[in-house]
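Chain by chain, the residues run as shown.
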Amino acid sequence: MLEFLSPAWPWYVAGPLIALVMFALLYFGENFGVSNNLRTMCALAGADRFSDFFKIDVKQQAWNLVFVAGSILGGFISYQFLTPDVAVVLSAATTERLANLGFANAGAGYLPQEIFGIEQLTSISGLSVLLVGGMLVGFGARYAGGCTSGHAISGLSNLQIPSLIAVVGFFIGGLLMVHLIMPLIF
Amino acid sequence: MKYIKFLLLGILFGMVMAKAEIISWYRIFEMFNFDAFHMYGVIGSAVILGIIGVQLLKKTKAKSLYGEALHLNPKTMGVYRYLLGGILFGLGWALVGACPGPMFVLLGYGYVPILVVLLGAVMGTFLYGLLRSKLPH
């Protein structure tokens, strides 16, 4: 069983399972949207004293926090028991692009040492990349009213034009970062 | 007890994110370079099944387990917030190679620096709350 689950899962397994998670959450009376948890965390930390945006009923979002706790556990289980080899098989084109950017050992693990190596935590530039990247995701997700799960999966499934606009935005931002900004940073 | 099902769904979601390598920075980089079909297959197949399923649920007026209408949450129309918010989100997604779901999954994977990314994401959310009334929506 473990050997059967251990190789990387193909897209035609992952995509349908993500749809299954979305439908299960709908059936249980909720809706799929991970970035809402960031708002709940702000509210729990006392952000409601600074903005009405965080005056929310935290109890109504408890299920989502439990879902996220489960996803952390899912990552832990995958790492401990289902991933004997953490190498990611990349296309030759990607490996070459990364070499040109100065990223060595592309695909040796899930994340590049150049951004996520533990030594990045002791350099200003390394910390800035992590913090600013996170801030853009958090700010952008709330401004757009959802992230990949809320807009790209839930919203597009419900044929929402606003979600399509948001997903187009995700791609404009992503393409700008990868093709114009990253060559300047790295 | 009513929360167990959400914990189990979260575990499944985390395992899918991890085992299909959706949490890998490299897969996001590859996607934005159009070098591989993988991420397009993941999102595309989820959305196609999602569209079919949601249409069926609407046609049959399906109810939740508790007999309520489904929380399909239609989005209010607008352009600025979705386009500008989306672009900012995309810039961050490509830089750190993780959207909110994978950030949490990576925590379970034991990558300590993702904590800084998560802290940034919470700070960014807080900043939006502070600036919301001054932004075009």
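Residues numbered from 1 in each chain as written. Chains lettered and ligands numbered in written order. Predicted model: local features only at pLDDT ≥ 70, side-chain atom pairs only at ≥ 80, totals over all residues. Heavy atoms only, no water.

1. Focus on the domain arrangement of chain A
Residues and elements named next belong to chain A. Domain boundaries assigned for chain A yield domain 1 (1-84) and domain 2 (117-186). Of note, the centres of domain 1 and domain 2, computed from C-alpha atoms alone, are 18 Å apart. Tallying the contact residues gives ten residues for domain 1 and ten residues for domain 2. For the pair domain 1 and domain 2, the summed buried area comes to about 710 Å², and 67% of that belongs to carbon and sulfur atoms. Three residues stand out in domain 1 for area buried against domain 2, namely Met22, Phe32 and Ser35, and they jointly supply 57% of the buried area on that side. Along the contact surface separating domain 1 from domain 2 lie zero salt bridges. At the surface where domain 1 touches domain 2, the tally comes to three residue pairs in polar contact (both at pLDDT 80 or more). Broken down by secondary-structure element, the contributors of at least two residues to the side of domain 1 that touches domain 2 are helix H2 (11-27) and helix H3 (36-44). Top element by residues in the side of domain 1 that touches domain 2 is H3. It accounts for three residues. For the side of domain 1 that touches domain 2, the class distribution of residues is six nonpolar, three polar and one charged. (Domains from an automatic or database assignment. Contact = heavy atoms within 4.5 Å. Buried area = accessible area lost by both parts, 1.4 Å probe. Salt bridge = Lys/Arg side-chain N within 4 Å of Asp/Glu carboxyl O. Polar contact = N/O pair within 3.5 Å; in protein donor to acceptor, adjacent residues only side chain to side chain. Helix = DSSP H or I, 4+ residues; strand = E, 2+ residues; numbered from the N terminus. Nonpolar A, V, L, I, M, F, W, Y, C, P; charged D, E, K, R; others polar.)

2. Some remarks on the nonpolar core
The biggest cluster of nonpolar side chains holds 86 residues, and the ones touching the most others in it are Ile18(A), Phe32(A), Phe116(A) and Trp25(B). Looking at this core, you find at least three residues from each of domain 1 (1-84) and domain 2 (117-186) of chain A. Core analysis: the second largest hydrophobic core is formed by eight residues, Cys42(A), Ala43(A), Phe54(A) and Phe139(A) among them. (Core = buried A, V, L, I, M, F, W, Y, C linked by side-chain atoms within 4.5 Å. Buried < 20%, exposed > 50% of the residue type's maximum accessible area, 1.4 Å probe, protein only.)

3. Side note on the interface of chain B and chain A
Chain B puts 112 residues into the contact, and the matching count from chain A is 128 residues. Residue Arg97(A) pairs with Asp35(B) through a salt bridge whose shortest N-O separation is 2.8 Å. Counting across the chain B and chain A interface gives 29 residue pairs in polar contact (both at pLDDT 80 or more). Mapped by element, the contributors of at least two residues to the side of chain B that touches chain A are helix H1 (4-19), helix H2 (25-32), helix H3 (38-59), helix H4 (80-96), helix H5 (100-108) and helix H6 (114-131) of chain B. When residues in the side of chain B that touches chain A are grouped by element, the largest group, 17 residues, is from H6(B).

4. Side note on the pattern of salt bridges
As a working rule, side chains carrying opposite charge can pair if their charged atoms are close by. Residues and elements named next belong to chain B. Under the counting rule described, the total for this entry stands at four salt bridges over all chains. The closest approach of N and O atoms between arginine 27 and glutamate 30, which form a salt bridge, is 2.7 Å. A residue pair is termed a helical-turn pair when its members lie 3 or 4 positions apart in one helix, as arginine 27 and glutamate 30 do in helix H2 at three residues. Comparing arginine 27 with glutamate 30 shows no difference in burial state: the two are buried. Through salt bridges with shared partners, a single ionic network connects Glu21, Arg27 and Glu30.

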